[in-house]
Structures are given as C-alpha cells and as structure tokens.
Amino acid sequence: MLLFPLRDLPKLSKGKGNKIISIPGAKVQAREEFIKVLAVVPQGSSVTLHAGKRKLTLKPSDLEHYHGERGRRGNKLPRGLQRVDEAEVEFTAVDDEIEQSNIE
C-alpha cells in the first residue's frame, strides 16, 4: 500500500500514462502484483480495508507507515490482508464541515 500527496501526481496531456506505484514488469505480467483499489484519502481520515471476511481499520496514525514517494514501491499490508477486495474511507467530522462549506 502506498499513500502520497495528490499534488505529487503530475497532469499529463492526451492519454499519456502516469506511474502511480512501481511494480516490477515480471510481477505485472504474472499478475502477482497490480493495482486493485485506488482511493483519495483526505488528511486525518481512517481507511477500512476488506479482504474476504477480514477487515482492518487503519487510523491516521497507522497510515503514516504507508506514506512514500509517488512511483516508489509501497509497504506490505499485514498477513491475511494483502489481497484487498475493498477500501472504505471514513471521513472525520472536520472533513464533513469542510466539504459542506465547499458546496455552498
């Protein structure tokens, strides 16, 4: 899993690719590693990962471990949660207030 600031993602013209995370070519071709879930996570929010019947909620302090540079390799998730099916972003009350003020 890799978290990086959205401002680090360059805007490219006319359908050019964009490297989000570094995965070795052999692992991509063998379908051993690939991007399954992509989400925007506001600062201070929690993320709940679902892998089969298991789930794990990562608080903002837990997410610090997964921060890195765009285009680099992310850190592995704990055993049993490495095949994520779904990720839910849980917004805090502060985020809801900001979102409401942006709508008005």
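Every chain is numbered on its own, with residues counted from 1 as its sequence reads. Local features in a predicted model are, by the rule used here, given only for residues with pLDDT of at least 70; side-chain atom pairs are given and counted only at 80 or more, and totals for whole chains, interfaces and linings are based on all residues. Remark: hydrogens and water are excluded; side-chain values derive from all non-hydrogen atoms of the structure.

Undergrad: Is there a simple way to explain the side chain of His50 in this structure?
TA: Within the fold, His50 resides in strand β1 (residues 46-51). Within the local environment of His50, its side chain forms a polar contact with the side chain of Glu88, the two groups lying 2.9 Å apart. The helix count covers DSSP runs of H or I at least four residues long, the strand count covers runs of E at least two residues long, and both are numbered beginning at the N terminus. The term polar contact refers here to a pair of N or O atoms within 3.5 Å; inside protein, the definition further demands a hydrogen-donor-capable atom paired with an acceptor-capable atom, and it admits residues adjacent in sequence only when both atoms are side-chain atoms.

Undergrad: Explain the pattern of salt bridges to me, please; I cannot follow it from the model alone.
TA: Any two side chains of opposite charge can pair, so long as their charged atoms come close to each other. Within this document, salt bridges are pairs made up of a side-chain nitrogen of Lys or Arg and a carboxyl oxygen of Asp or Glu, the two lying within 4 Å of each other. Applying the stated rule across the entire model yields three salt bridges. Ionic pairing is found between Glu33 and Lys27, a salt bridge with its closest N-O pair at 3.7 Å. Residues Lys36 and Asp85 are paired through a salt bridge, measuring 3.7 Å at the closest nitrogen-oxygen approach. Taken together, the residues Lys36 in the loop between α1 (25-29) and β1 and Asp85 in the loop between α2 (60-63) and β3 (86-90) connect sequence positions 49 residues apart.

Undergrad: Can you help me understand unusual backbone geometry in this one?
TA: Note on backbone geometry: most residues besides glycine have negative phi, and most peptide bonds are trans. Look at Arg31: it is not a glycine, yet its phi comes out positive at around 60 degrees. Owing to a relative accessible area of 55%, Arg31 belongs among the exposed residues under this scheme. Whether a residue is buried, partly exposed or exposed follows from its accessible area with a 1.4 Å probe, protein chains only, as a fraction of its type maximum: under 20%, in between, or over 50%, in that order.

Undergrad: Please clarify how a nonpolar patch on the surface should be interpreted in this entry.
TA: Each patch is built from salt-bridge-free residues with over 30% relative accessible area, joining like charges within 9 Å and nonpolar side chains (Val, Leu, Ile, Met, Phe, Trp, Tyr) within 5 Å. Reported accessibility uses the Shrake-Rupley method at a 1.4 Å probe radius. Residues are deemed covered only where the shown protein chains occlude them. A grouping of Leu6, Leu9 and Val40 is seen on the molecular surface, where their side chains present a nonpolar patch of about 290 Å² in accessible area. Mapping Leu9 onto the fold places it in the segment before α1.

Undergrad: What should I look at first to understand the nonpolar core in this one?
TA: A general feature of soluble globular proteins is that nonpolar side chains tend to end up buried together. In plain words, nonpolar cores are sets of buried Ala, Val, Leu, Ile, Met, Phe, Trp, Tyr and Cys residues tied together by side-chain atoms within 4.5 Å. Residues Leu3, Val47, Leu49, Leu58, Leu63, Tyr66, Leu77 and Val84 constitute the largest nonpolar core, which totals eight residues. Contact partners of Val47, with chain neighbours within four places excluded, come to Val41, Leu56, Thr57, Leu58, Leu63, Ala87 and Glu88. Contact criterion: two residues are considered in contact whenever any of their non-hydrogen atoms come within 4.5 Å of each other.

Undergrad: Could you clarify how one ought to interpret the sheet that holds strand β2 (residues 54-58) in this entry?
TA: In a beta sheet, neighbouring strands are held together by backbone hydrogen bonds and run either parallel or antiparallel to one another. For two strands to be treated as a pair, DSSP must find at least two bridges joining them. Read from one edge of the open sheet, three strands run β2-β1-β3, paired in antiparallel fashion. Strands at the two margins of the open sheet, each flanked by one partner only, are β2 and β3. Between one strand and the next, the sheet's axes are offset by a mean angle of 15 degrees, whatever the strand orientation. Pairing of β1 with β3 involves five bridges; the strand directions are antiparallel. When the bridges of β3 are listed, Leu49 appears paired with Ala87. Here, axes are lines fitted to C-alpha atoms. For helices the fit covers the stretch in contact, and angles between N-to-C directions go from 0 to 180 degrees.

Undergrad: When you look at the pairing of β2 in this model, what are you seeing that I'm missing?
TA: It is a general feature of regular strands that their side chains alternate between the two faces of the sheet. Where β1 and β2 come together, five bridges link them in antiparallel fashion. Bridge pairing in β2 places Thr48 opposite Thr57. Hairpin connection between β1 and β2: a loop of two residues separates the two successive antiparallel strands, and Gly52 in this loop has a positive phi of roughly 65 degrees.

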